[in-house]
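What the coordinates show
This is what each chain is made of:
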Amino acid sequence: MSFDNDPLVTRMQGFGTTVFAEMTALAVRTGAINLGQGFPDTDGPAKLLETAAEAIMGGANQYPPGPGLPELREAVAAQRAERYSLAYDPADEVLVTVGATEAIAATILALVETGEEVVVFEPYYDSYAAIIALAGGVRRPVTLRPDAGRFTFDPEELRAAVTPRTRVLLLNSPHNPTGTVFGREELEIIAEVCREHDLIAVTDEVYEYLTYDDAGGGTAHVPLATLPGMRERTVAISSAGKTFSVTGWKVGWITAPPQFVRAAQTVKQFLTFTASAPYQRAVAYALREEREWVEALRVSLRAKRDRLSDGLTAAGLTTFRPQGTYFVQADVRPLGFGDGREFVRALHERAGIVAIPTQVFYDSDAGGPYARFAFCKRDEVIDEAVERLHRL
């Protein structure tokens, strides 16, 4: 046997270094402003950090239970009940994971057989495509397109994407990278499709708190599981990273009916088994006690969204002001660029800014003219980036 050629299994060929790692490495290497990867440049609440440090110094450094610390599972269940009136039993309907990425991976690997299909809205977070491929599944993309200043889907395209081989519908809302927060009318269409075709819904809700368009609490995030007939067929996923600005902690969770939790845990135990004991303890504290801090974060991010969106528009780009998440989408064609990749190269070379060409998140060519910018940065970083944009 020779290993001179690429030894990577066929189903993973084409999945190289993630675009986030690539662009962040480029920013570090060249000193560019990094508006590519979605991580904040400030830390979460001080007491959260202190609780993690106390847990480490207090000896909470060995394996936590496989399903997660009971106190965190209880805090997650309490959060779902209080915020969304969704009741989950922390004993067998909550599973703690190594971030939302592992939660998605364990769920898809557990539920999708080789050759079965997963409906996913494009553009999609890049791990979705990779984990569907690892499971031997088949992507069935439904394209989100601009309409009235936001991205949405055509209901008939969604219905047409479902076949007798479809097993799962994977939904991300608030949606990365478009910033759309799916409204109740859109969710009712998605729920109808799931019920009609007996699909399992997997919902990525990591930006659930980060919505912006009303003074009284933002464009409300509505979990798909709250719709009639959906709790029993939905695996809901969230995490602490975006909510508390601790993306490096990688503490996530699944809430779902017991059979789905058991399936995901069966896979998860052979991925990581368990992790992050002191961080789990700290996140349990934060879910109970740091809601005011999270609301202040939401308000500050809304202002940063407007700061960057206004700057992109002033620089000549067509900007889609997001309803949620960390990201602004911009159409680069008004500046004379043919597509996002061309624009991002010029942006780095001529302005010292790193962004993400949105087309890397599509199967179709619909994402060609867009670039994604992260606004979860300090105001002075955003202002410097806006000033540099005028070099284009």
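For the protein, an unreviewed UniProt entry supplies the name Pyridoxal phosphate-dependent aminotransferase and the organism Actinoallomurus vinaceus. Under the UniProt heading Cofactor (unreviewed entry), the note attached to the protein is "pyridoxal 5'-phosphate".

Moving on: the overall build of the protein. What the protein contains, in helices and strands, is 12 helices and 15 strands. Taken over C-alpha atoms, the radius of gyration comes to 21 Å for the protein, in line with the 21 Å a tight globule of 392 residues would show. Judged by the C-alpha coordinates and their principal axes, the protein covers about 55 × 55 × 50 Å. The buried share of the protein, reckoned over its 392 residues, is 57%.

With that settled, the discussion passes to helix 10 (residues 291-314). Taking 1.5 Å per residue as the helical rise, helix 10 with its 24 residues ought to reach 34 Å, and the 35 Å between its terminal C-alpha atoms agrees with that figure. Buried within helix 10 are the following residues: Val294, Leu297, Arg298, Leu301, Lys304, Arg305, Leu308, Ser309, Gly311 and Leu312. Its buried side turned inward, helix 10 meets strand 11 (318-320), strand 12 (327-331), strand 15 (370-374) and helix 12 (379-389).

All right, on to the sheet that holds strand 14 (residues 356-357) then. The strand order 11-12-15-14 describes an open sheet built from four strands, whose pairing is antiparallel. With partners counted over all chains shown, the strands left at the sheet margins are strand 11 and strand 14, one partner each. Looking at chain direction, strand 14 and strand 15 are connected through two bridges and run antiparallel. Within the sheet, the bridge partner assigned to Ile356 lies in strand 15 and is Arg372. In the packing of helix 11 (residues 340-351) onto the sheet, the strands contacted are strand 14 and strand 15, and the crossing angle to strand 15 comes to about 45°.

Attention now goes to the sheet that holds strand 8 (residues 200-204). Overall, mixed pairing links the seven strands, which are arranged 2-10-9-8-7-3-4 in an open sheet. If you trace the sheet from one side to the other, it starts and ends with strand 2 (94-97) and strand 4 (138-143), each paired once. Strand-to-strand twist of the sheet, defined as the mean angle between neighbouring strand axes without regard to direction, takes the value 20°. Summarising the sheet, strand 8 and strand 9 (residues 234-239) pair through four bridges and their orientation is parallel. Bridge pairing in strand 9 places Asp204 opposite Ile237. Those strands touched by helix 3 (residues 70-84) are strand 2, strand 9 and strand 10 (252-255), and its axis lies near 120° from that of strand 2.

Attention now moves to the packing of aromatic side chains. Counted by the stated rule, this structure contains 15 aromatic pairs. Centre to centre, the rings of Tyr212 and Phe375 are 6.0 Å apart; their planes meet at 65°, and the pair counts as edge-to-face. Within this pair, whereas Tyr212 is found in the loop between strand 8 and strand 9, its partner Phe375 is found in the loop between strand 15 and helix 12, the two being separated by 163 residues in sequence. Members of the aromatic cluster, each reached through a chain of ring pairs, are Phe121, Phe153 and Phe182. The side chain of Arg372 reaches across the aromatic face of Phe327, ending 3.6 Å from its centre. Directly above the aromatic system of Phe39 lies the positively charged group of Lys377, at a separation of 3.9 Å from the ring centroid.

A word on the packing of helix 10 against helix 12. Between two packed helices, the angle of one axis relative to the other and the distance separating the axes together describe the packing. Packing of helix 10 against helix 12 brings their axes to within 9 Å, and their N-to-C directions diverge by 5°. By the angle between their axes, helix 10 is roughly parallel relative to helix 12. For the pair formed by helix 10 and helix 12, the contact residues are Lys304, Arg307, Leu308, Gly311 and Leu312 on the first element and Asp379, Ile382, Asp383, Val386 and Leu389 on the second. Of the residues in the contact of helix 10 with helix 12, the class split is five nonpolar, one polar and four charged.

Right, let's get into the nonpolar core. Counting 98 residues, the largest nonpolar core has Leu72, Val235, Ile254, Leu308, Phe343 and Phe373 as its most contacted members. Broken down by element, the residue count for this core peaks at seven residues, all from helix 4 (residues 99-111). Dropping the residues within four chain positions of it, Phe373 is found in contact with Leu35, Leu308, Leu312, Leu317, Tyr326, Phe327, Val328, Ala330, Phe343, Leu347 and Ala355. Of all hydrophobic cores here, the second largest spans 27 residues; its members include Phe121, Leu144, Leu199 and Val222.

Right, let's get into unusual backbone geometry. In the segment running from Ser173 into Pro174, the intervening peptide bond is cis, with an omega of -10°. You can see Pro174 is positioned in the loop between strand 7 (166-172) and helix 7 (184-197). For the bond from Asn176 to Pro177, the omega torsion is 20°, close enough to zero to count as cis. The residue Pro177 is located in the loop between strand 7 and helix 7 in this model.

This part is about the pairing of strand 7. Within a regular beta strand, the side chains point alternately toward one face of the sheet and then the other, so they alternate between its two faces. For strand 7, the buried fraction is high: six of the seven residues fall into the buried class. Bridge analysis of strand 7 against strand 8 gives five bridges, and the strand direction is parallel. Residue pairing across strands places Leu170 opposite Val202, the latter belonging to strand 8.

Here we take up the pairing of strand 8. Most of strand 8 sits inside the fold, with five of its five residues counted as buried. Side chains Ile200, Val202 and Asp204 project from strand 8 onto one buried face, and the interleaved Ala201 and Thr203 project onto a second face that is buried too.

Extensive coverage of helix 5 (residues 126-134) is indicated by the burial of eight of its nine residues. For helix 5, the set of buried residues is Asp126, Ser127, Tyr128, Ala129, Ala130, Ile131, Ile132 and Ala133. Two residues or fewer past helix 5, Gly136 is found with a positive phi of approximately 75°.

Cut-off values and rules
Residues numbered from 1 in each chain as written. Predicted model: local features only at pLDDT ≥ 70, side-chain atom pairs only at ≥ 80, totals over all residues. Heavy atoms only, no water. UniProt positions renumbered as here; feature names shortened; annotations may be inferred. Helix = DSSP H or I, 4+ residues; strand = E, 2+ residues; numbered from the N terminus. Rg over C-alpha atoms; globule rule 2.2 N^0.38 Å. Buried < 20%, exposed > 50% of the residue type's maximum accessible area, 1.4 Å probe, protein only. Expected span 1.5 Å × (residues − 1). Contact = heavy atoms within 4.5 Å. Pairing = 2+ DSSP bridges. Axes fitted to C-alpha atoms, helices over the stretch in contact; angles between N-to-C directions. Phe/Tyr/Trp six-rings, centres within 6.5 Å; stacked < 30°, edge-to-face > 60°. Lys NZ or Arg CZ within 6 Å of the ring centre and 35° of its normal. Parallel < 35°, antiparallel > 145°, perpendicular 65-115°, else oblique. Nonpolar A, V, L, I, M, F, W, Y, C, P; charged D, E, K, R; others polar. Core = buried A, V, L, I, M, F, W, Y, C linked by side-chain atoms within 4.5 Å.

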